[in-house]
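Residues per chain, in single letters:
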Amino acid sequence: MPNQVSKVNDLKHFFLHLIESGKLSHAYLFLGEDPREIHNLIAAISSRILREKTGDDVFENANLIEVKIPEEKKTLSVDQMRTVRDIFAEKSEHPQIAIIDDADKMTDSAANSILKFIEEPYDRQYIFLQARNRNRVLPTILSRVQLINIPKQKKSEISEQLVDKGIQEDEAIFISRISKSISQADDLLLDDFAINLKRSITEWLDEIFNRQEKSFAFVQSDLLNFVDTNEHQNIFNLALSSELSMRLEKAPNSVLADILDRWLVIYQRSRFTVSWQTMLESFTLEALRMVNGTEKFSNK
């Protein structure tokens with residue numbers, strides 16, 4: 001059975017054939033769980049369209065524009081889409097490419113502002129949209145693009161490939177649970193990010209279950225470095241939920257189940273811009289109370 005890498009490579013070769021044969025359409029929506037995987041695929045396609053040299057960064061090409069959600073925002077704005085529309089309003093002698101990340105997080109007005117561009121582009125103008133959730137993309141967008149579904153990679157396949165690379169089995173299983181693909185898993189291994197995250201969460205939870213009051217201070221001293229960006233916050237949620245679930249599978253008990261449920265409730269607060277330090281400290285105190293019952297914290 002072909003693995004995820006071979007499936008994505010097949011898609012890449014398919015698109016390169018379309019380009020060389022002059023059959024590439026002007027608008028595609030790539031749907032998949034791993035933005036990195038889609039990003040790399042779109043980069044390869046764009047490099048061939050723009051005739052970039054091997055090793056060059058296609059995203060530095062003046063004929064390519066990539067639109068992302070600003071770090072402090074949660075949606076793509078109409079102003080961002082109007083910028084794309086204005087740039088592509090005039091015909092160019094060179095191919096032009098617009099890449100729109102998180103197309104499922106455009107406001108309705110933002111999506112509507114680029115409909116004409118998607119429907120009636122000039123020759124050799126291309127738009128590549130990326131999204132995770134098809135149901136959140138406006139039907140008027142869906143009807144104007146070709147859909148490319150990136151298959152989801154099995155967790156067992158990710159962990160097996162990590163073990164083959166020399167990662168310990170328990171760490172490989174953990175990383176597979178917080179990764180959408182082997183490419184994301186590889187990224188999480190850079191600078192031992194995922195390994196250190198697992199060790200910190202394990203130590204933190206051990207302190208909580210050993211009734212150690214210092215687990216509260218552990219949040220600021222060791223955990224905040226892992227939640228410095230939106231992406232890392234999402235990964236931390238997956239990591240903590242995964243670690244609690246793995247412990248629950250090994251030793252089922254009601255207290256552990258309640259602690260997992262409590263984290264899932266507290267995590268929802270992140271949607272309301274509650275600080276992560278507040279969230280983690282609140283969870284620590286509530287978990288300690290659940291573990292301790294009426295007992296006092298240990299001062300060890």
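Scroll up to find the structure.
Residues numbered from 1 in each chain as written. Predicted model: local features only at pLDDT ≥ 70, side-chain atom pairs only at ≥ 80, totals over all residues. Heavy atoms only, no water.

Colleague: Help me get a handle on a positive patch on the surface, residues and values and all.
Modeller: Together, Lys-74, Lys-105, Arg-132 and Arg-136 line one region of the surface with positive charge. Its relative accessible area of 46% is what places Arg-132 among the partly exposed residues. (Patch = residues over 30% accessible without salt bridge, like charges linked within 9 Å, V, L, I, M, F, W, Y side chains within 5 Å. Areas by Shrake-Rupley, 256 points an atom, 1.4 Å probe, with all protein chains shown as cover. Salt bridge = Lys/Arg side-chain N within 4 Å of Asp/Glu carboxyl O. Lys, Arg positive; Asp, Glu negative; His and termini not counted. Charge placed at Lys NZ, Arg CZ, Asp CG, Glu CD. Buried < 20%, exposed > 50% of the residue type's maximum accessible area, 1.4 Å probe, protein only.)

Colleague: Residue-level account of the pattern of salt bridges, with values.
Modeller: Taken as a whole, this structure holds 15 salt bridges when the rule is applied. With a closest N to O distance of 3.2 Å, Arg-48 and Glu-20 form a salt bridge. In this pair, Arg-48 is assigned in helix H2 (residues 35-49) and Glu-20 in helix H1 (residues 4-20), connecting sequence segments 28 residues apart. Look at Arg-48 and you get partly exposed, because its relative accessible area is 31%. Its relative accessible area of 45% is what places Glu-20 among the partly exposed residues. Lys-198 is the salt-bridge partner of Glu-243, the closest N and O atoms lying 3.5 Å from each other. Linking Glu-243 in helix H12 (residues 230-250) with Lys-198 in helix H10 (residues 193-209), this pair joins segments that are 45 residues apart in sequence. The exposure class of Glu-243 is buried, given its relative accessible area of 7%. Overlapping salt bridges, with partners in common, bring together Lys-198, Asp-206, Glu-243 and Arg-247 in one network. (Helix = DSSP H or I, 4+ residues; strand = E, 2+ residues; numbered from the N terminus.)

Colleague: Run through helix H13 (residues 254-267), naming residues and quoting values.
Modeller: Helix length check: H13 (14 residues) gives 20 Å between terminal C-alpha atoms against 20 Å at 1.5 Å per residue, within 8%. Residues of H13 that are buried: Leu-256, Ile-259, Leu-260, Trp-263, Ile-266 and Tyr-267. Along the axis of H13, the buried positions cluster into a sector of 125°, meaning they face one direction only. Capping of H13 at its N-terminal end is provided by Asn-253; its side-chain oxygen lies 3.2 Å from the backbone amide nitrogen of Val-255. (Expected span 1.5 Å × (residues − 1). Arc of directions from axis to C-beta. Polar contact = N/O pair within 3.5 Å; in protein donor to acceptor, adjacent residues only side chain to side chain.)

Colleague: With reference to specific residues and values, describe the layout of surface pockets.
Modeller: Computed from the structure, the largest pocket encloses a volume of approximately 1,800 Å³. Looking at the largest pocket, it is lined by 42 residues, and the ones nearest its centre are Lys-105, Arg-132, Asn-230, Glu-231 and Asn-234. The set of elements that each furnish at least two residues to the lining of the largest pocket consists of H2 and H12. A class-by-class count of the residues in the lining of the largest pocket yields 10 nonpolar, 14 polar and 18 charged. (1 Å grid on protein atoms, 1.4 Å probe; cavity = no way out; pocket = protein on both sides within 12 Å on 5 of 7 lines; lining within 4 Å. Points joined across faces, edges and corners; volume = space filled by probe spheres on them. Nonpolar A, V, L, I, M, F, W, Y, C, P; charged D, E, K, R; others polar.)

Colleague: Residue-level account of the environment of Asp-57, with values.
Modeller: When you line up the elements, Asp-57 lands in the loop between H2 and strand S2 (64-67). Given the relative accessible area of 41%, Asp-57 is considered partly exposed. The spacing of Asp-57 and Asn-40 is 17 residues in sequence and 11 Å in space, taken between C-alpha atoms. From its side chain, Asp-57 meets the backbone nitrogen of Phe-59 in a polar contact 3.0 Å long.

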